[in-house]
Amino acid sequence: MAKDAGPARLLRWCGLALAAAGVLMAVATLLHPSHETATTIIASEVRLVAAHATYTFSWLLVLLGLPGLYAAQRGRMGWLGFAGFLIAFLGTYLIAVTGNFGFLAPVLAKDAPAVIDTISQYPPVVGINAVAAIAFMIGYVLFGIAMIRTAGLPRLAGILVAIGAPAHLIGFGLAQLVTPVLWPIAIAGAVSLGTGLAWPGYLMWRGLAPSRRLLPGKRTRA
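These remarks concern the structure in this document. (Residues numbered from 1 in each chain as written. Predicted model: local features only at pLDDT ≥ 70, side-chain atom pairs only at ≥ 80, totals over all residues. Heavy atoms only, no water.)

### Regarding the packing of helix 8 (residues 155-177) against helix 9 (residues 183-205)
Look at helix 8 against helix 9: their axes get within 6 Å of each other, and the N-to-C directions meet at 150°. Here helix 9 runs roughly antiparallel to helix 8, going by the angle between their axes. Helix 9 is crossed by helix 8, and the crossing has left-handed handedness. A breakdown of the residues in the contact of helix 8 with helix 9 according to their chemical character gives 17 nonpolar, 8 polar and no charged. (Axes fitted to C-alpha atoms, helices over the stretch in contact; angles between N-to-C directions. Helix = DSSP H or I, 4+ residues; strand = E, 2+ residues; numbered from the N terminus. Parallel < 35°, antiparallel > 145°, perpendicular 65-115°, else oblique. Left-handed = near helix turned anticlockwise from the far one by under 90°. Nonpolar A, V, L, I, M, F, W, Y, C, P; charged D, E, K, R; others polar.)

Structure (structure tokens):
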């Protein structure tokens, strides 16, 4: 029993990290301006910096909590969950790294607004942003599907994760490239993904993780 206390405590902290991350990613999206041009960046500088700071902390908490959620299943999520976990972890890390451009944007908007578009069109930047977005969306779709198929995890949480991640990034892109009117899609996606991660995270934090109810390695769904 004593040997299990350490891992159990670690899983609870991972659960708390996921629960907090889910809330923060929704808050960050609500703070973030719906459109980014030199003019809007300057006008909403405080909101933009606050949003990116909140996003950065949220993604950090996801990176700390997601391994615990996967580990709590002890193999029940199968190869699909393993692949989804690895790809989602990579995508989250890259999103966190590329999102730090938001801290530079207000300075560039004031002193060199043309540089913002130049950087955004620079091939290596386009490439890393594309990899980040694809990995983020595919990873969470796979992980969400694995959550749906895993006994002991709320099915709805898996659905929210699988739908929320692509909706968040697609809504973000559409708002920037097409019209800010579509920004609510990004907000809805962030709320969906955040809820889908925070829900099992909360269960882990309360000591209600499925690993406490099911035998290690036992799969109850195909």
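### Topic: the layout of surface pockets
A probe matching the size of a water molecule, rolled over the atoms, marks out where space remains unfilled. The computed volume of the largest pocket comes to approximately 1300 Å³. Along its surface, the largest pocket is lined by 39 residues, and E36, S120, N129, F172 and Q176 are the ones closest to its centre. Residue assignment for the lining of the largest pocket shows that the elements contributing at least two residues are helix 2 (38-43), helix 3 (45-72), helix 4 (78-98), helix 5 (101-111), helix 6 (113-121), helix 7 (123-148) and helix 8. At 9 residues, the largest contribution of residues to the lining of the largest pocket is made by helix 7. Residue classes in the lining of the largest pocket are distributed as 23 nonpolar, 14 polar and 2 charged. (1 Å grid on protein atoms, 1.4 Å probe; cavity = no way out; pocket = protein on both sides within 12 Å on 5 of 7 lines; lining within 4 Å. Points joined across faces, edges and corners; volume = space filled by probe spheres on them.)

### Brief notes about the side chain of H52
You can see H52 is positioned in helix 3. At 2.8 Å, the side chain of H52 and the backbone oxygen of G99 are in polar contact. (Polar contact = N/O pair within 3.5 Å; in protein donor to acceptor, adjacent residues only side chain to side chain.)

### Digging into the nonpolar core
Membership of the largest hydrophobic core comes to 36 residues, with the highest contact counts inside it found for L66, Y140 and L197. Elements supplying a minimum of two residues to this core: helix 1 (2-31), helix 3, helix 4, helix 7, helix 8 and helix 9. Looking at which element gives the most residues to this core, the answer is helix 3, with 8 residues. Aside from chain neighbours lying at most four places away, what touches L197 is L18, M25, V62, L66, Y140 and V161. Counting residues in hydrophobic clusters, the runner-up holds 6 residues, among them L48, A105, A109 and I116. (Core = buried A, V, L, I, M, F, W, Y, C linked by side-chain atoms within 4.5 Å. Buried < 20%, exposed > 50% of the residue type's maximum accessible area, 1.4 Å probe, protein only. Contact = heavy atoms within 4.5 Å.)

That is the geometry; function is a separate question.
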